Amino acid sequence: MNGRVVLERFPAGGPRGSWPAEEFARARRSEGQCAEVVMDLATDAFLVIVRRGQGEHAAA
């Protein structure tokens, strides 16, 4: 992945109503990281990433 750092991977087939990748990203944002969730179609997984140069921003 160009210019991105993967913080964590989550399988796409989680339990219904469960959003572990979104919850993980929200926790990282509350710590000041600009974390976002993207889908990796090749591995059928959600990735929580930060883009290089955007890792330490104030939480909104």
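These lines cover the structure that appears in this document, whether it is placed above or below.

Criteria and cut-off values
Residues numbered from 1 in each chain as written. Predicted model: local features only at pLDDT ≥ 70, side-chain atom pairs only at ≥ 80, totals over all residues. Heavy atoms only, no water. Phe/Tyr/Trp six-rings, centres within 6.5 Å; stacked < 30°, edge-to-face > 60°. Helix = DSSP H or I, 4+ residues; strand = E, 2+ residues; numbered from the N terminus. Lys NZ or Arg CZ within 6 Å of the ring centre and 35° of its normal.

Applying the stated criterion to the full structure yields 1 aromatic pair. An angle of 55° between the planes, with centres 5.7 Å apart, marks the rings of Phe10 and Phe24 as tilted. Of this pair, Phe10 sits in strand E1 (residues 4-11) while Phe24 sits in helix H1 (residues 20-30), and the two are 14 residues apart along the sequence. A cation sits over an aromatic face here: Arg28 above Phe24, 4.3 Å from the ring centre.

As a further point, take unusual backbone geometry. The backbone of Asp44 shows a phi angle near 50°, a positive value even though the residue is not glycine. Along the chain, Asp44 falls in the loop between strand E2 (36-40) and strand E3 (45-51).

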